Amino acid sequence: MPVSRANHTKYEVVSAKELDDGSFSVKITVVPINIMETAMNLYVNDGYEPLNDFWKKYENTDFATMTDEEYMSYTNEYGHMIVRLVNDQLPDLGYMEQKSQIIQISEDDNGYMTINQDDWNIFDSYVIYYP
């Protein structure tokens, strides 16, 4: 049930240039997905009925007296509901203003081309916007 970013990610390689050291500087643009912003708005504004039902179900619960099994069940139910909340937003998926980034690609010790980890982390953070 996890959200698949691959089917919704919008990015483009704008240009690539080989540098003197044999690495590549690649300019990309990414159009961030706003799914988490939409889901967060529903969460915060009581707009997701299954969440409202969940809170009602547990409104009189004394969490301090729950057994480990009861607490595990509670957290699993909550986690699955949050994933459903996000997945339910896929039909109305929207995009935000595109962002540009330069990433560094170089050959590793095994001869594979790899993306600099910091650049990858930035790219990854651009794919889905988190408010």
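Values in this document were obtained by computation on a predicted structure and should not be read as measured data. (Residues numbered from 1 in each chain as written. Predicted model: local features only at pLDDT ≥ 70, side-chain atom pairs only at ≥ 80, totals over all residues. Heavy atoms only, no water.)

1. Focus: the sheet that holds strand 4 (residues 113-115)
- With respect to topology, 4 strands assemble into an open sheet ordered 1-2-3-4, the strand pairing being antiparallel. Two strands close off the open sheet at either side, each with one partner strand: strand 1 (10-18) and strand 4. On average, each strand axis in the sheet is tilted by 30° relative to the strand beside it, whichever way the strands run.
- Pairing between strand 1 and strand 2 (residues 24-31): 8 bridges, direction antiparallel. Each bridged residue has a counterpart across the sheet, and for Glu18 the counterpart in strand 2 is Phe24.
- Strands in contact with helix 4 (residues 117-127) are strand 1, strand 2, strand 3 (99-107) and strand 4; relative to strand 3, the strand with the most contacts, it is inclined by about 145°. (Pairing = 2+ DSSP bridges. Helix = DSSP H or I, 4+ residues; strand = E, 2+ residues; numbered from the N terminus. Axes fitted to C-alpha atoms, helices over the stretch in contact; angles between N-to-C directions. Contact = heavy atoms within 4.5 Å.)

2. Things to note about the packing of helix 2 (residues 49-57) against helix 3 (residues 68-87)
- In the contact formed by helix 2 and helix 3, the axes pass within 10 Å of each other and the chain directions differ by 165°. Considering their axes alone, helix 2 and helix 3 lie roughly antiparallel with respect to each other. Considering how the two elements wind past one another, helix 2 and helix 3 form a crossing that is left-handed. Contacts between helix 2 and helix 3 involve Pro50, Leu51, Phe54, Trp55 and Lys57 from the first element and Tyr74, Glu77, Tyr78 and Met81 from the second.
- Looking at side-chain class alone, the contact of helix 2 with helix 3 contains 7 nonpolar, no polar and 2 charged residues. (Parallel < 35°, antiparallel > 145°, perpendicular 65-115°, else oblique. Left-handed = near helix turned anticlockwise from the far one by under 90°. Nonpolar A, V, L, I, M, F, W, Y, C, P; charged D, E, K, R; others polar.)

3. Concerning the pattern of salt bridges
- As enumerated under the stated definition, the model contains 1 salt bridge in all.
- In this structure, Lys57 and Glu77 form a salt bridge, with 3.1 Å as the shortest nitrogen-oxygen distance. In this pair, Lys57 is assigned in helix 2 and Glu77 in helix 3, connecting sequence segments 20 residues apart. (Salt bridge = Lys/Arg side-chain N within 4 Å of Asp/Glu carboxyl O.)

4. Looking at helix 4
- Those residues of helix 4 that fall on the buried side of the exposure criterion are Asp119, Phe123, Tyr126 and Val127. Projected onto a plane normal to the axis of helix 4, the buried residues spread over an arc of 105° and lie on a single side.
- Buried residues along helix 4 sit in contact with strand 1, strand 2, strand 3 and strand 4.
- In this structure Asn116 caps helix 4, since a side-chain oxygen of it lies 2.9 Å from the backbone nitrogen of Asp118. (Buried < 20%, exposed > 50% of the residue type's maximum accessible area, 1.4 Å probe, protein only. Arc of directions from axis to C-beta. Polar contact = N/O pair within 3.5 Å; in protein donor to acceptor, adjacent residues only side chain to side chain.)

5. Comments concerning the nonpolar core
- Ile28, Val30 and Ile35 are the most contacted members of the largest nonpolar core, which has 22 residues in total.
- Breaking this core down by element, the ones donating at least two residues are strand 2, helix 1 (35-44), helix 2, helix 3, strand 3 and helix 4.
- At 4 residues, the largest contribution of residues to this core is made by helix 3. (Core = buried A, V, L, I, M, F, W, Y, C linked by side-chain atoms within 4.5 Å.)

6. Examining unusual backbone geometry
- Located in the positive-phi region is Asp46, a residue other than glycine, with phi close to 55°.
- Mapped onto the elements, Asp46 comes out in the loop between helix 1 and helix 2.

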